[in-house]
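# Chains, contacts and geometry: an overview
Spelled out from the first residue to the last, the chains are:
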Amino acid sequence: MNSLMDQYFGRMRSLMNNKDLPARIRFLLQDTVELRENNWVPRKAFIDNGPKTINQIRQDAVKDLGVFIPPMTQGIRSDFFQESPFLPARIKPDRETLGGLADMFGQMPGSGIGTGPGVIQDRYSPTLGRRTNPLFNGHSAHMAPAPQPFMKSNQGQNPLFQNQTHSSQQQAQSKDMPPRFIKKGQLNADEISLRPAQSFILNKNQMPKLQPQIPTMIPPSAQPPRTSTPPLGQPPQLGLKTNPPPIQEKPQKTTKKPPPAKEELLKMTENVVTAYLSSKNMNNAVNGVREMKAPKHFLPEMLSKMIMCSLESPDEDREHVSTLINTLRMEGLVTGENFMQAFLNVLDQCPKIELDIPLVKSYLAQFAAQAIIAELVSMAELAHPLENGTHFPLFLLCLQQMTKTKDREWLTDLFQQSKVNMQKMLPEIDQNKDRMLEILEGKGLSFLFPLMKLEKELLKQIKADPAPQTIYKWIKDNISPKLHTDKGFVNILMTSFLQYIIHEIYTTEDDDQLSAPTKEQLDQEKQLLLAFKPVMQKFLHDHVDLQVSALYALQVHCNAHAFPKGMLLRYFVNFYDMEIIEEEAFLAWKEDITQEFPGKGNALFQVNQWLTWLETAEEEESEEEAD
């Protein structure tokens, strides 16, 4: 059991030194640890620390000193009796009656509470040094001391008596102080004095002005009975407690004008749009919106109202409202997020609006197109809530509107940068390549996917006329030069040639026939590769990365036919011998670890031995060139 207690208190000691904990918690832990070290005997300050009545204090004084307290002092406030400078220090309340406050501050509450304006000092305050009281020296107990100016703490005292008194005070205090305060050392009265600076000490000329505020110190026996009002012509008698400060009345709150109601704001918005479409004065419209002082949560509804007000107007008016909305954004009055909330809010009402305005989606597409062109929102931000055919074909209508405003090349670049997946923008039933290309062609948007058109049309062109000149001319006429160095374009070009060769040589694409071609079929395969060689070299020459893409197209082609025996190796050798693909591209394909194209493991198994030979031959050629 003792070992467990030691563990508990060891943990408490570690927490006691943790600076991250509040000081109150750390001190409570420290007090508990010290209590155990003291054999669970509490400090004297914690024993009988309840308040005492006046009768108990009188009885203690009589018991300790034999001093008789006149009955008339029963009417005097207890705080005055405790703080009275006419009693010796030893008959003032003992530290036992003060409890934890004495431990915490190391002094009696109410004594030495500070200096400065508003604090009443007496020359017997502990901060001014303790001196003998002449009232209890000899027979002068009933004489009131004459007022004196403030004095330094060591003025007019016997140094030996002062030091003895001070040391006895320290010993009395250290006996009941917590150890954490004793460890920090003892400070003398001068070190902890809260007296004001020299500039604040009053001189004799200032004393008369402050006399009404200084309490008249008279012995308890000579003090008149307390009355509710002081006699006329005599300043009020003040105790040691200061008068409470006057109550300051809070200024009346200025009544703010409540914000306009929603209906009023909507009416104001409609008036702004109507006036703007009539005068085309942008400054007045912007100022009108600014003067509305609409709360932020109302901004989407305000923009929705602007859009709704222009749906039945001519196309020119809708363009003007779009310009107004973009200007409000540039002025910092609305944001792109506000516009998207407003736009989607109107879209949700489309089924109801279409009854009166059948072309509402086309009109909304104009707003969306203008917002994207003005960079109020991005294409990706518009596309996200419209995925899976939501409000179809609104997104395609928006692309059509941008085509009318901008050219195809600008829209193609913007669409590619947005990374929008067009298949996801279609209804789920239409999310495949063939159906997507069909829909885009119907909307005049197939130019956004030129490679899809190439993949569908190139094999038809090769079958119609396999002459290399005809194929190259068709590619130049239908495929943008920017795509000639695109890996996707090379992949489609190589795949089309490989599919045509199989279609021309083999009557069926049976696995057995592909795995065991005849000598005539092998010769025919080589002749077709030689025929297509000029076109391949035109796009692959001096482009190692594109040559690697061509090898991946061959890998996928063989994987689609379950890797017929010897096919991949045969093509590798032919490409190498015909100088269609260089040694560097073969080795780069071998080392590449991408998982984008299926069948890499099976492909390496078929051609690994040949690649090892190629790598050795290349090293030998390099050594011969070095010699």
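Keep in mind it's a predicted model, so treat the numbers as computed, not measured.

## Remarks on the overall build of the protein chain
The helix and strand tally for the protein chain stands at 28 helices and 0 strands. When burial is assessed residue by residue, the protein chain has 36% of its 627 residues classed as buried. Residue pairs in contact within the protein chain that sit at least 24 positions apart in sequence constitute 69% of those at least 6 positions apart. Only carbon and sulfur atoms are counted for the fraction: they give 53% of the accessible area of the protein chain, which is about 38,500 Å².

## Things to note about the packing of aromatic side chains
Using the criterion set out here, one finds 17 aromatic pairs in the structure. Here the aromatic rings of Phe415 and Phe449 are separated by 5.5 Å at their centres, their planes lie at 80 degrees, and the arrangement is edge-to-face. Within this pair, whereas Phe415 is found in helix α18 (residues 408-418), its partner Phe449 is found in the loop between α19 (433-443) and α20 (450-464), the two being separated by 34 residues in sequence. Note on Phe497 and Phe532: the rings are 4.3 Å apart at their centroids and 20 degrees apart in plane angle, and the pair reads as stacked. Taken as a pair, Phe497 in helix α22 (residues 487-505) and Phe532 in helix α24 (residues 519-540) lie far apart in primary sequence, 35 residues in all. Each member of the pair Phe497 and Phe532 is classed as buried. Feature note: the residues Phe572, Tyr576, Phe586, Trp589, Trp610 and Trp613 constitute an aromatic cluster, connected by ring pairs. Just above the ring of Phe9 sits the side chain of Arg36; from NZ or CZ to the centre is 4.7 Å.

## Brief notes about the nonpolar core
In terms of nonpolar packing, the biggest core is built from 68 residues, with Met306, Leu311, Phe339, Leu364, Phe395, Leu399 and Met422 touching the most fellow members. The dominant element in this core, judged by the number of residues it contributes, is helix α15 (residues 360-373), at 9 residues. Contacts of Phe339, omitting those with residues within four sequence positions, involve Leu303, Ile307, Ile325, Phe367, Ala371, Leu376 and Val377. Of all hydrophobic cores here, the second largest spans 56 residues; its members include Val490, Leu514, Leu551 and Tyr571.

## Focus: the environment of Leu568
Summarising the element assignment, Leu568 is placed in helix α26 (residues 567-577). Each C-alpha atom, one on Leu568 and one on His557, is 9.3 Å from the other, the two residues being 11 residues apart in sequence. Excluding residues within four positions of it along the chain, Leu568 makes contact with Leu554, Cys558, Phe563, Ala603, Gln606 and Val607.

## Some points on helix α17 (residues 394-405)
Residues separated by three or four positions in an α-helix point in the same direction, a consequence of the helix having 3.6 residues per turn. The first and last C-alpha atoms of α17 sit 17 Å apart over 12 residues, in line with the 16 Å expected at 1.5 Å per residue. Where α17 is concerned, the buried positions are Leu394, Phe395, Leu396, Leu397, Cys398, Leu399, Gln401 and Met402. Along its buried surface, α17 packs onto α13 (336-348), α15, α16 (379-383), α18 and α19.

## Quick notes on the pattern of salt bridges
Summed over the entire model, instances satisfying the criterion amount to 13 salt bridges. The salt bridge partner of Lys262 is Glu301, with a shortest N-O separation of 3.0 Å. A residue pair is termed long-range when its members are at least 10 positions apart, and Lys262 in helix α9 (residues 262-279) and Glu301 in helix α11 (residues 299-310) qualify at 39 residues. Judged by relative accessible area, which is 29%, Glu301 ranks as partly exposed. Here Glu438 and Arg435 are joined by a salt bridge, their closest N and O atoms 3.2 Å apart.

## A short note on the side chain of Thr327
Tracing the sequence through the fold places Thr327 in helix α12 (residues 315-330). A polar contact of 2.8 Å, which involves the side chain of Thr327, links it to the backbone oxygen of Thr323. What Thr327 contacts, discounting residues up to four positions off in sequence, is Met282 and Val286.

## Quick notes on α24
The largest bend in α24 comes to about 45 degrees, at Lys533, with the proline Pro534 one to four residues further on. Turning to α24, its buried residues are Gln521, Glu525, Leu528, Leu529, Phe532, Val535, Met536, Phe539 and Leu540. Note on α24: the residue one or two positions beyond its end, Asp542, has a positive phi of about 65 degrees.

## Details of the packing of α11 against α12
Relative to each other, α11 and α12 sit at 165 degrees, their axes nearing to 9 Å. Classed by the angle they form, the pair α11 and α12 counts as roughly antiparallel. Of the two elements, α11 crosses α12, and the hand of that crossing is right-handed. Along its contact with α11, which presents Leu303, Met306, Ile307 and Ser310, the element α12 presents Arg318, Val321, Leu324, Ile325 and Leu328. Each residue belonging to the contact of α11 with α12 can be placed in one class, and the counts come to 7 nonpolar, 1 polar and 1 charged.

## Comments concerning the environment of Asn17
Note that Asn17 resides in the loop between α1 (2-16) and α2 (23-37). Each C-alpha atom, one on Asn17 and one on Phe27, is 9.7 Å from the other, the two residues being 10 residues apart in sequence.

## Quick word on the environment of Ser549
Take Ser549: it is sitting in helix α25 (residues 544-560). Take Ser549: its relative accessible area is 9%, and that puts it in the buried class. In the structure, Ser549 is positioned 59 residues away from Val490 in sequence and 6.8 Å away in space, judged by C-alpha atoms. In this structure, Ser549 is in contact with Lys487, Val490 and Asn491, ignoring residues within four places of it in sequence.

## Some words on empty space enclosed by the protein
Tallied over the full model, the rule gives 2 cavities of 30 Å³ or more. Computed from the structure, the largest cavity encloses a volume of approximately 40 Å³. Taken together, Leu386, Gly389, Thr390, His391, Phe392, Pro393, Leu394, Phe395, Leu396 and Met425 form the lining of the largest cavity. Its residues assigned to classes, the lining of the largest cavity comprises 7 nonpolar, 3 polar and no charged. Approximately 30 Å³ is the volume attributed to the second largest cavity. Around the second largest cavity, the lining residues are Val490, Leu493, Met494, Met536, Phe539 and Leu540. For the lining of the second largest cavity, the secondary structure elements donating two or more residues are α22 and α24. Residue classes in the lining of the second largest cavity are distributed as 6 nonpolar, no polar and no charged.

## Overview of the confidence of the model for the protein chain
Caution is warranted with low-pLDDT regions, since their predicted coordinates should not be read in detail. For the protein chain, per-residue confidence averages 76 on the pLDDT scale, and residues scoring 70 or more make up 65% of the total. With pLDDT under 50 throughout, residues 72-168 is counted as low confidence; its partners more than four residues away or in other chains account for 148 contacts. Here residues 199-225 is a poorly scored stretch, pLDDT under 50, and it has 30 contacts once near neighbours within four places are set aside; other chains count.

What counts as what
- Residues numbered from 1 in each chain as written.
- Predicted model: local features only at pLDDT ≥ 70, side-chain atom pairs only at ≥ 80, totals over all residues.
- Heavy atoms only, no water.
- Helix = DSSP H or I, 4+ residues; strand = E, 2+ residues; numbered from the N terminus.
- Buried < 20%, exposed > 50% of the residue type's maximum accessible area, 1.4 Å probe, protein only.
- Contact = heavy atoms within 4.5 Å.
- Areas by Shrake-Rupley, 256 points an atom, 1.4 Å probe, with all protein chains shown as cover.
- Phe/Tyr/Trp six-rings, centres within 6.5 Å; stacked < 30°, edge-to-face > 60°.
- Lys NZ or Arg CZ within 6 Å of the ring centre and 35° of its normal.
- Core = buried A, V, L, I, M, F, W, Y, C linked by side-chain atoms within 4.5 Å.
- Expected span 1.5 Å × (residues − 1).
- Salt bridge = Lys/Arg side-chain N within 4 Å of Asp/Glu carboxyl O.
- Polar contact = N/O pair within 3.5 Å; in protein donor to acceptor, adjacent residues only side chain to side chain.
- Bend = angle between axes of the 7 residues up to and from the residue.
- Axes fitted to C-alpha atoms, helices over the stretch in contact; angles between N-to-C directions.
- Parallel < 35°, antiparallel > 145°, perpendicular 65-115°, else oblique.
- Left-handed = near helix turned anticlockwise from the far one by under 90°.
- Nonpolar A, V, L, I, M, F, W, Y, C, P; charged D, E, K, R; others polar.
- 1 Å grid on protein atoms, 1.4 Å probe; cavity = no way out; pocket = protein on both sides within 12 Å on 5 of 7 lines; lining within 4 Å.
- Points joined across faces, edges and corners; volume = space filled by probe spheres on them.
- pLDDT = per-residue confidence, 0-100.

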